[in-house]
Structure formats: C-alpha cells, structure tokens
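# Commentary on secondary and tertiary structure
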Amino acid sequence: MTGYAQAAERHLDDVYRYLVWFTGDRFLAEDLAGETFERALRLWHRYDARRGSERTWLCQVARTVALDHFRSERRRQRREELASPPEPPDEPHDHGLSPELETALRGLSAGEREVIALRVILDLDAASAAAMLGISVSNCTTRLSRALNKLEEALGVAA
Amino acid sequence: MSRPDLLGALRAATPAAPPELRQRVRELATTSSPARRRSGWRLPLTGVALAAVAAAAAAALIVLPGSSRPRARSAPSVVAAQAPLPRSFAAPAPAVSPALSGAASPAVVLPAPSPIRAQSYGATLSLRLSDGSAVAAAARRAVQIAQALGGYPQSVKVSVGARSGSAKIVLRVPRSRVSEAIVRLSSLGRVVGEHVSIVDLQAGVDATGLRIVRLERELAVAIHEPQSAATQKLVAALSTQIEGLQRARAATLRSARDATVGLDLGTVAPPRHIRTHPHAVHRGPFHTLGRIFRLAGIGAVYVLAIGTPLAVLGVLLWLLASRIRRRKEERLLSRS
C-alpha cells in the first residue's frame, strides 16, 4: 500500500468530520471529501512531512476544496438573486448532536464552526490550527473562545 | 451546560465517514498512483535565477563607465591613460614610450593628400619625449626635416626647462611630401595623438576657372563691339573682375601646394601614484586574488543594491496579497 493510500485510510474520518463541521452538511461534506482525496492524490508529491502532519495537510486540502465550493456557491446565489427573489436556505443536516446543540450550532458562521472542528473535534494544537487557518495562535485562540462563548450563550437561552 | 460538558458533547458527536465514501477513496488510492515528486527542477530554476542575477550584475559592471575597471597605477599605464588629442585617423598608441625606452615610434599612417586635386591638407602630431633637452632637440630636428623636404617653419614656440619642456611648431611642407614629413616627424618621439583634416578645394578652383572663361568670352565680345563710354566701362569692369578671380584662384592653388603640419611636443607627465612599497612592484598571485575579491565585492554590492529593493517590494506585494485573500476568506466564511 502506498503512502497516500495509508494516509487516506488513516485520516478519512478526520477529513470527513472536519468537512461536516465546516459546511454543516453531511451530504455536501461527503462530496467534498471525495473531491478532497482526488485533489490530494494529484498533489501528493507536494506533501512535505517536515512542514506538517499528513492529517493537517489533508485538512488543508479539504479547506481549499471547501472554500472553492463556498465561492462558487456564493456566485451562484448572486446570479439567482438577480433572476428571482431568494429562497429560504436549505435546512442543514444534523451533526448527530442534541436538538439544542444543533440549534445553537446553526447560529455559528462557517469560520466559527471551522475553528471548533479543528481545535475540539480534530484536537489539533493551537499552532497547527493557526497555521492552517493562516492566522496567529492568539487570534486562533480568541476565535475559538468567541465561538464557544456564542455556543454557550445560545445553549443558555435554549435551556 | 458547562464548558467541559459542551466540549465532551461536541467530541462525542464525531460522525464517521460513510462506507460509500470510504470505498470510493480506497478505490481511488488503489487504482490511481499519486503523482511523483518532481525533484530536480526547483534547484536548477533557482540556479538559473541566481546566474541571471550574477550575469546582470556583471553586465552592469562592464557597461557602467569607470565603475569596475581598476585604474592604472604603474608608470606605463598612466602614460597610456593620458587623454590623447582627437584622432580622426589614429594608429593605436604604444603602451611603452619609445622615447623612454630608446625605440622609435611606429610610423604614423595618415591619409595621404590627392596628387591630382587641390586640397587643403592639415595634420597635427602630439609627441611625448623624456625631458626638456629631448624636446629642444626634437624641435630643432623638426625644422630641419621641414626644410630638407622643401618646406619651412611657419611658427616655432619652444619652452624648455631642466626636466620638462614643451614646443608648438607649425610647419609648411610641400603637399606632395607631407606623408614623408609625417613619417619622419613621428619618429621624433612617442606619438600620443594625431589629427588630420583634408578639405577639397578643387571644386571651387574649377568653378572659378569656368567663371573666368565665361567672363573672358564676354570681354572679347565687348572689345570687338563699337567702342563707347558704356562699352569701355564694361570692358574695364570685366577686366578687373577677371583679374580678381585669377588672383584668388592662384592664391588658392598656392595655399593648396603646401600642407600644414602642427607638432605638439611635450614631456612625459610624472606618474600620479608612485608606490614605494616593494609589494607594489613585485605583484604576486595574492595581487590577482585581491583583484578577484575586489571585483566579487563590487558585484555583490550591485546585486544587493538592485536586488534588495526588488526583494522588499516582492515581500510587500506578497503580504498585501495575503491580507486581501485572508479578508475575502473571512467575509466568505462569516456569510456561510
């Protein structure tokens, strides 16, 4: 089994989880995860173990794929808004959490969900997460703290 | 719900990848092989970039005047670096003074005057000699040469001291023998400059001759006409005009018969830098090494001077582009 195959097998769940949290949509995350591993296969020669772990690199590829998707989706929405009045957004799929937590999560932006996914779900250290997001460590910590506070506030209201 | 409980609940809800996705990724990994690492192109690219920068710096060193060429320090080089007179048709000046070494200067080959056309021919030679007595001797010899060739000195100004001297001599030499005169005069010292000017006078002489012929015809007609006061006045005017033109034509031809040769004699200027240190005379391999280091240092300074602003600009542009990209990403994620 090649290095890529081993890495894909080992980190598929992490990439998928990250994308589920980032996009808030399981089916979309599944599509993007497939696209991520296709792109990772093409770019595998660029992976450098000295610059980060396989998991971080794969999540970085996944992030790029997701951002491309968000951009194209944004363009599509703009075009449709010009043509017809906007429709209510699709109901996001659940994360397998309690209904209160699901409701609270819907109040977070993709950026806030992303930092939770990286720091809490994937348990990346602050430096790796910050490097992946392209921000400073303190900024990353602040962003996580704000996201969790927002979540707690929403849960407090819900409870 | 406390924060640990919240984090625990979030961690507990960690969906696993669906079997379909896992199967798809496995097939992808087994059926396709990842692209191979393209090794060996980045390094040559960097090398080519560095070589290009070095070549540009070297070109700048060569092109920029007086930037890199080490100035001549030794006595012969200093002599060669003295500004020569303007040379229209110049033979390369020898590096070592024949007057100093005792060898004769190579014969100067200047364009010769035309033997069949009237021309105003002027030549100037600048010669350097070892000391004042040599200048005086050369001045005497120059006058003798001119006289031997049938010419004469038009003006002679000689100023001679104990160790230095100068002379400005203007000779008139028959045009037919000017080439020989230049060759002989150039052997008096080291030639550091020569200048020649040739102005063709034949066209003007021919035009004057035609005009004289025409006026003579008119004069002949006027003489054979019945003489009246007006006719006599015309004959007198034509005669005066013809005489004037003939005189002018003769003067032109007379002046064209002799060529003017200017001779600028002077002594060798003392070297600007006289080194007394023995290492200055006996240059060994370390001298060459020092010159190489010096050139390398100059090249490095150029590379730094040109490359640093470009590098700073590149970094600033990169930072700006990163910041813009980050802002766009944050806006996008805050809306999603």
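The preceding data block contains the structure.
For the structure given in this document, a descriptive report is provided here. Small disclaimer: the values here were computed from a predicted structure and weren't measured.

## What to know about the pattern of salt bridges
Enumeration according to the criterion identifies 22 salt bridges over all chains in this entry. A salt bridge links A:E54 to A:R10; the shortest N-O distance between them is 2.9 Å. Of this pair, A:E54 sits in helix 3 (residues 54–83) while A:R10 sits in helix 1 (residues 3–23), and the two are 44 residues apart along the sequence. For A:E54, a relative accessible area of 19% gives the class buried. Sharing partners across several salt bridges, the network here consists of A:E9, A:D13, B:R22 and B:R26.

## Remarks on the environment of B:L253
Residue and element names in this part refer to chain B. Checked against the element boundaries, L253 lands in helix 9 (residues 229–257). Distance in space between the C-alpha atoms of L253 and S120 is 9.3 Å, their sequence separation being 133 residues. Residues in contact with L253, not counting those within four places in the same chain, are A118 and V205.

## Quick notes on the interface of chain A and chain B
Across the boundary between the two partners, chain A contributes 55 residues, which contact 37 residues of chain B. Both faces combined, the contact of chain A with chain B buries some 3,900 Å², and carbon together with sulfur accounts for 62% of it. For chain A, the biggest contributors to the area lost against chain B are A:L12, A:L41 and A:H45; these three give 15% of the whole. At the junction of chain A with chain B, the criterion picks out six salt bridges. A salt bridge links B:E330 to A:R143; its shortest N-O distance comes to 3.4 Å. Among the elements of the structure, helix 1, helix 2 (26–43), helix 3, helix 5 (110–121) and helix 7 (137–158) of chain A are those that each provide at least two residues to the side of chain A that touches chain B. Ranked by residue count, the leading element in the side of chain A that touches chain B is helix 1 of chain A, at 11 residues. The class makeup of the residues in the side of chain A that touches chain B is 26 nonpolar, nine polar and 20 charged.

## A short note on the packing of aromatic side chains
All names here are of chain A. Overall, the coordinates contain six aromatic pairs over all chains when judged by the stated rule. Seen from their ring centres, Y4 and W44 are 5.6 Å apart, and the 70° between their planes marks the pair as edge-to-face. Placement of Y4 in helix 1 and of W44 in the loop between helix 2 and helix 3 is noted, with a sequence separation of 40 residues between them. The class for Y4 is buried, based on a relative accessible area of 1%. Ring geometry for Y18 against F22: centres 5.5 Å apart, planes inclined by 35°, an arrangement best described as tilted. Of the two residues, Y18 and F22 both sit in helix 1, four residues apart, roughly one turn of that helix. Just as Y18 is buried, F22 falls in that class too. Aromatic rings pair up to connect Y4, W44, Y47 and W57 into one cluster.

## Things to note about the packing of helix 1 of chain A against helix 2 (residues 19–31) of chain B
Between helix 1 of chain A and helix 2 of chain B, whose axes approach to 10 Å, the crossing angle comes to 155°. What the angle tells us is that helix 1 of chain A and helix 2 of chain B run roughly antiparallel. As for how helix 1 of chain A packs across helix 2 of chain B, the hand of that crossing is right-handed. Here A:Y4, A:A5, A:A8, A:E9, A:L12, A:D13 and A:Y16 of helix 1 of chain A lie close against helix 2 of chain B, whose contacting residues are B:L21, B:R22, B:V25, B:R26, B:L28 and B:A29.

Definitions and limits used
- Within each chain, residue numbers correspond to sequence positions counted from 1 in written order.
- Here every chain gets a letter starting at A, and every ligand a number starting at 1, in the order they are written.
- The predicted origin of the model limits local features to residues at a pLDDT of at least 70 and limits the giving and counting of side-chain atom pairs to 80 or more, whereas totals for whole chains, interfaces and linings rest on all residues.
- Note that water and hydrogens are dropped before the side-chain values are worked out from all heavy atoms of the structure.
- Counted as salt bridges are all cases of a side-chain nitrogen of Lys or Arg within 4 Å of a carboxyl oxygen of Asp or Glu.
- Helical segments are the DSSP runs of H or I of at least four residues, strand segments are the runs of E of at least two, and each set is numbered from the N terminus.
- Burial classes: relative accessible area under 20% of the type maximum marks a residue as buried, over 50% as exposed, and values in between as partly exposed (1.4 Å probe, protein chains only).
- Residue contacts follow a heavy-atom distance rule, with two residues in contact if any of their heavy atoms lie within 4.5 Å.
- Joining two parts hides part of their accessible area as seen by a 1.4 Å probe, and the buried area is that hidden amount summed over both.
- Charged means Asp, Glu, Lys or Arg here, nonpolar means Ala, Val, Leu, Ile, Met, Phe, Trp, Tyr, Cys or Pro, and polar covers whatever is left, Gly included.
- Aromatic pairing here means that ring centres of Phe, Tyr or Trp (its six-membered ring) are within 6.5 Å. Orientation follows from the plane angle: under 30 degrees is stacked, over 60 is edge-to-face, and everything else is tilted.
- Every angle, taken between N-to-C directions, lies between 0 and 180 degrees, and every axis is a line fitted to C-alpha atoms, over only the stretch in contact when it is a helix.
- By definition in this entry, angles of less than 35 degrees are roughly parallel, angles greater than 145 are roughly antiparallel, angles of 65 to 115 are roughly perpendicular, and the rest are oblique.
- Rotating anticlockwise by less than a right angle from the far helix to the near helix defines a left-handed crossing, while the corresponding clockwise rotation defines a right-handed one.

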